[in-house]
Amino acid sequence: MNQRKKGLIYVYTGDGKGKTTASVGQAVRAVGHQWKVCYVYFFKNPDDYGYGELEVLENLGVKVSGFAQKHPHFYKDISPDEMRSQCLEGADFIRKLFKEDACDLLILDEINIALRDKFLQEEELLALLDDKPPEMELILTGRGATEKVIEKADLVTSMTKLKHHFDQGIEGREGIEY
Ligand code: ATP
Ligand code: MG
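Presented here is an overview of the structure given in this document. (Residues numbered from 1 in each chain as written. Chains lettered and ligands numbered in written order. Predicted model: local features only at pLDDT ≥ 70, side-chain atom pairs only at ≥ 80, totals over all residues. Heavy atoms only, no water.)

### Overview of the overall build of the chain
Within the chain, the secondary structure is distributed over 6 helices and 6 strands. Its C-alpha atoms put the chain at 45 × 35 × 30 Å along the principal axes. The buried share of the chain, taken over its 178 residues, is 46%. Restricting the contact set of the chain to residue pairs at least 6 apart, pairs at least 24 apart contribute 80%. Accessible area of the chain: about 9800 Å², with a carbon and sulfur share of 50%. Here the chain contributes 24 positive and 31 negative side-chain charges, whose respective centroids are spaced 4 Å apart. (Helix = DSSP H or I, 4+ residues; strand = E, 2+ residues; numbered from the N terminus. Buried < 20%, exposed > 50% of the residue type's maximum accessible area, 1.4 Å probe, protein only. Contact = heavy atoms within 4.5 Å. Areas by Shrake-Rupley, 256 points an atom, 1.4 Å probe, with all protein chains shown as cover. Lys, Arg positive; Asp, Glu negative; His and termini not counted. Charge placed at Lys NZ, Arg CZ, Asp CG, Glu CD.)

### Remarks on the environment of isoleucine 113
Take isoleucine 113: it is sitting in helix H4 (residues 111-116). What makes isoleucine 113 buried here is its relative accessible area of 8%. Between the C-alpha atom of isoleucine 113 and that of isoleucine 176, which follows or precedes it by 63 residues, the distance is 21 Å. Not counting chain neighbours up to four residues away, the residues in contact with isoleucine 113 comprise Phe43, His71, Gly142 and Arg143.

### Let's talk about the pairing of strand E1 (residues 9-13)
Along any regular strand the residues' side chains alternate between the sheet's two faces. The element E1 is largely enclosed, with a buried count of 5 among its 5 residues. Burial along E1 is two-sided: Ile9, Val11 and Thr13 facing one way and Tyr10 and Tyr12 facing the other are all buried. When E1 meets strand E5 (residues 137-141), the two strands line up parallel, connected through 4 bridges. Directly across from valine 11, in E5, lies its bridge partner leucine 140. Alignment of E1 against strand E6 (residues 155-158), held across 4 bridges, turns out to be parallel. Bridged to tyrosine 12 within E6 is threonine 157. (Pairing = 2+ DSSP bridges.)

### Considering helix H2 (residues 52-59)
Buried within H2 are the following residues: Glu53, Leu54 and Leu57. One face of H2 carries all of its buried residues, which in axial projection span an arc of 105°. Exposed side of H2, more than 90 degrees from the buried face: Glu55 and Asn59 are the residues found there. Buried positions along H2 lie against helix H1 (19-31), strand E2 (37-42) and strand E3 (63-67). Just past H2, the residue glycine 61 takes up positive phi, approximately 95°. (Arc of directions from axis to C-beta.)

### Thoughts on the site of ligand 1
Close contacts around ligand 1 come from 13 residues, with Asp15, Lys17, Thr21, Glu110 and Arg143 the closest. Within the side chain of lysine 17, a nitrogen or oxygen atom sits 2.5 Å from an oxygen atom of ligand 1. Here ligand 1, which alone exposes 580 Å², has 82% of that area covered by the protein. Its residues assigned to classes, the shell around ligand 1 shows 1 nonpolar, 5 polar and 7 charged. (Near = heavy atom within 4 Å. Polar contact = N/O pair within 3.5 Å; in protein donor to acceptor, adjacent residues only side chain to side chain. Nonpolar A, V, L, I, M, F, W, Y, C, P; charged D, E, K, R; others polar.)

Limitation: the analysis is restricted to geometry and does not speak to function.
And the structure:
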């Protein structure tokens, strides 16, 4: 464990590009100071989209885990109930990381989407945040951060879309979006 006194809560939200990549950059910076970093992602399936960052983070020694990987928006065979139970599994895993004081920096990529899409209740996430070990730094990403999550955070950055190439019909590109 590093020498910091109080770990803060950081939220990257908003409709513009840059939330997940900012969290990855932050992970790289922390590893550069020999911090232990854990990265837990939701709603992403690396088997279908080879997210370039996940393997690189693992190679840097970051403990990477994924939950609720198939969002029903993209995978029609997954039910909301199934998503909820997978998100709860993710929450249990996060609580375990807290109990074990497993890292100096924990990143929860797209966790805000679990609330937005009602797979987790706001109170469940807020209760989880209350269990964070005091020294652990915590980053939450995803569009639509709720008022109460924003209130609990120490830093909130909203990525604002001024333009996005997606609106020109240019779809996600390897190396840029995944
Ligand atoms: P990145 O992973 O590139 O940092 P992000 O985490 O900010 O982006 P998300 O909201 O998680 O973006 O969206 C997932 C995907 O949708 C990303 O690949 C991103 O490039 C793309 N995206 C981001 N903003 C927009 C937008 N305003 N319109 C359409 N697609 C977007
Ligand atoms: Mg993202």
